[in-house]
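Breakdown of the fold
The lines below spell out each chain.
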Amino acid sequence: MPKSQVRKKKVYTPPTDVRPTATAATRKPSPVWLPVTAVALIVVGIGWLVTYYLSEQAYPVLSWGYWNLAVGFGAMVASLVLLSRWR
């Protein structure tokens with residue numbers, strides 16, 4: 001049986017305009033205050049909600065009523081936004 005011919009192909013090289021730039025690899029790490037602030041916001045948010053529920057809705061701010069929930073959850077959401085920027 002005769003051997004089939006082997007085709008000689010060039011090695012694929014992607015176009016230069018599609019290659020990722022070197023700037024993505026040389027990004028600076030995030031500052032130290034970013035994770036510290038994010039963790040502090042999580043602790044403050046959870047503390048706010050626990051205080052609100054354990055005080056039977058009298059504390060931290062009585063006149064805000066259920067908006068205290070928005071403050072507690074808002075602090076935790078803000079920490080998630082900060083943590084999404086963390087490298």
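Reading guide: rules and limits
- Residues numbered from 1 in each chain as written.
- Predicted model: local features only at pLDDT ≥ 70, side-chain atom pairs only at ≥ 80, totals over all residues.
- Heavy atoms only, no water.
- Axes fitted to C-alpha atoms, helices over the stretch in contact; angles between N-to-C directions.
- Helix = DSSP H or I, 4+ residues; strand = E, 2+ residues; numbered from the N terminus.
- Parallel < 35°, antiparallel > 145°, perpendicular 65-115°, else oblique.
- Left-handed = near helix turned anticlockwise from the far one by under 90°.
- Contact = heavy atoms within 4.5 Å.
- Nonpolar A, V, L, I, M, F, W, Y, C, P; charged D, E, K, R; others polar.
- Patch = residues over 30% accessible without salt bridge, like charges linked within 9 Å, V, L, I, M, F, W, Y side chains within 5 Å.
- Areas by Shrake-Rupley, 256 points an atom, 1.4 Å probe, with all protein chains shown as cover.
- Salt bridge = Lys/Arg side-chain N within 4 Å of Asp/Glu carboxyl O.

With that out of the way, let us pick up the packing of helix 1 (residues 33-54) against helix 2 (residues 67-84). Interhelical geometry of helix 1 versus helix 2 gives an angle of 160° and a closest axis separation of 8 Å. In terms of orientation, helix 1 lies roughly antiparallel with respect to helix 2. Classified by chirality, the crossing of helix 2 by helix 1 is left-handed. Along the contact surface, helix 1 presents W33, L34, T37, A38, L41, I42, G45, I46, W48, L49, Y52 and Y53, while helix 2 presents N68, L69, V71, G72, F73, A75, M76, A78, S79, L82 and L83. Taken together, the residues of the contact of helix 1 with helix 2 break down into 18 nonpolar, 5 polar and no charged.

In this section: a nonpolar patch on the surface. Together, I46, V50 and L54 give the surface a local cluster of nonpolar side chains, amounting to about 300 Å² of exposed area. Relative to the helices and strands, V50 resides in helix 1.

Purely spatial values, then, with no claim about function.
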